[in-house]
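Notes for the structure review
Given next are the chains, with one letter for each unit.
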Amino acid sequence: MRILVDADACPVKEIIVETAKKYDLSVIMFCDTSHMIYDGYSETIVVDKGADSVDIALANRITKGDIAVTNDYGLASLILARGAKPLGASGLIYTAENIDKLLFVRHISREVRKAKKGRTKGVPPRSAKDDENFRKSLIKLIESGLA
């Protein structure tokens, strides 16, 4: 089991590394050339800038049983299809039961913005509760994979 991270805008990189060290798990951070990530623990894979280049690189390296951290529902869907466990930065564990609804809401929001018929709410400010939820969910996924 490894932890792969869609790291370009990931707000929980430190929590991931801290937790991975406790469980002796490897971490691979994926980012494009506009980001520099070095934490002394993780492997970093840098890809060219481009639409979905980080997502494609991560999806191509994920294997069954891995954990992937992303807020991208499309990437989460690919990760699920590969038998891995996707996790959002606020602690949401993506599952076969919730991914279709999330993708549908994303689609509808995009259509509303495109038609300029309304505004959709942005992401609320990050809180300490989000960090705690993420930490708990990450540990839950790790421990379920170790059992």
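So, here is what we can say about the structure in this document.

1. Focus on the nonpolar core
- Judged by nonpolar contacts, the single largest core of 22 residues is most densely connected at Ile3, Val5, Val12, Ile16, Val69, Phe134 and Leu138.
- Counting only elements with at least two residues in this core, the list comes to strand 1 (2-6), helix 1 (13-23), strand 2 (26-32), strand 4 (67-69) and helix 5 (128-146).
- Residues within four places of Leu138 in sequence aside, it is in contact with Ile3, Ile15, Ile16, Thr19, Ile67 and Leu87.
- Formed by 14 residues, the second largest nonpolar core is a distinct cluster that contains Phe30, Leu58, Ala59 and Ala84.

2. Some thoughts on helix 1
- Within helix 1 the residues assigned to the buried category are Lys13, Ile15, Ile16, Val17, Thr19 and Ala20.
- Elements that come into contact with the buried residues of helix 1 comprise strand 1, strand 2, strand 4 and helix 5.
- Just beyond helix 1, the residue with positive phi is Asp24, at close to 55°.

3. Side note on the side chain of Asp6
- Note on placement: Asp6 falls in strand 1.
- In this structure, Asp6 is buried with no salt-bridge partner, the nearest side chain bearing the opposite charge being Lys13 at 9.1 Å.
- For Asp6, the side chain forms a polar contact with the side chain of Thr70, separated by 3.0 Å.

4. Remarks on helix 5
- With 19 residues, helix 5 should cover 27 Å at 1.5 Å per step; its first-to-last C-alpha distance of 27 Å lies within 8% of that length.
- All of the buried residues along helix 5 are Asp130, Phe134, Ser137, Leu138, Leu141 and Ile142. Along the axis of helix 5, the buried residues cluster in a sector spanning 135°; they form a single face. For helix 5, the exposed residues set more than 90 degrees away from the buried face come down to Ala128, Lys129, Lys136, Lys140 and Leu146.

5. Examining the environment of Asp72
- Residue position: Asp72 is located in the loop between strand 4 and helix 3 (73-81).
- With a relative accessible area of 22%, Asp72 lands in the partly exposed category.
- For the pair Asp72 and Pro86, spaced 14 residues apart in sequence, the C-alpha separation works out to 9.7 Å.
- Here Gly74 takes part through its backbone nitrogen, which lies 2.8 Å from a polar atom of the side chain of Asp72.

6. With respect to the pattern of salt bridges
- Scanning the entire structure with this criterion turns up 5 salt bridges.
- Note that Arg2 is salt-bridged to Asp66, the shortest N-O span being 2.7 Å. Within this pair, whereas Arg2 is found in strand 1, its partner Asp66 is found in the loop between helix 2 (53-61) and strand 4, the two being separated by 64 residues in sequence.
- The class of Asp66 is buried, set by a relative accessible area of 2%.
- Lys22 is the salt-bridge partner of Glu18, the closest N and O atoms lying 4.0 Å from each other. In this pair, Glu18 and Lys22 both sit in helix 1, 4 residues apart, roughly one turn of the helix.
- With a relative accessible area of 36%, Glu18 lands in the partly exposed category.

7. Section: the packing of aromatic side chains
- According to the stated counting rule, one finds 1 aromatic pair in the structure shown.
- Centre to centre, the rings of Tyr73 and Tyr94 are 5.9 Å apart; their planes meet at 70°, and the pair counts as edge-to-face. Here Tyr73, found in helix 3, pairs with Tyr94, found in the loop between strand 5 (85-87) and helix 4 (99-115); they are 21 residues apart in sequence, far enough to count as distant.
- Residue class for Tyr94 comes out buried when judged on its relative accessible area of 4%.

Reading the values: the criteria
- Residues numbered from 1 in each chain as written.
- Predicted model: local features only at pLDDT ≥ 70, side-chain atom pairs only at ≥ 80, totals over all residues.
- Heavy atoms only, no water.
- Core = buried A, V, L, I, M, F, W, Y, C linked by side-chain atoms within 4.5 Å.
- Buried < 20%, exposed > 50% of the residue type's maximum accessible area, 1.4 Å probe, protein only.
- Helix = DSSP H or I, 4+ residues; strand = E, 2+ residues; numbered from the N terminus.
- Contact = heavy atoms within 4.5 Å.
- Lys, Arg positive; Asp, Glu negative; His and termini not counted.
- Salt bridge = Lys/Arg side-chain N within 4 Å of Asp/Glu carboxyl O.
- Polar contact = N/O pair within 3.5 Å; in protein donor to acceptor, adjacent residues only side chain to side chain.
- Expected span 1.5 Å × (residues − 1).
- Arc of directions from axis to C-beta.
- Phe/Tyr/Trp six-rings, centres within 6.5 Å; stacked < 30°, edge-to-face > 60°.

In short, geometric facts, not functional conclusions.
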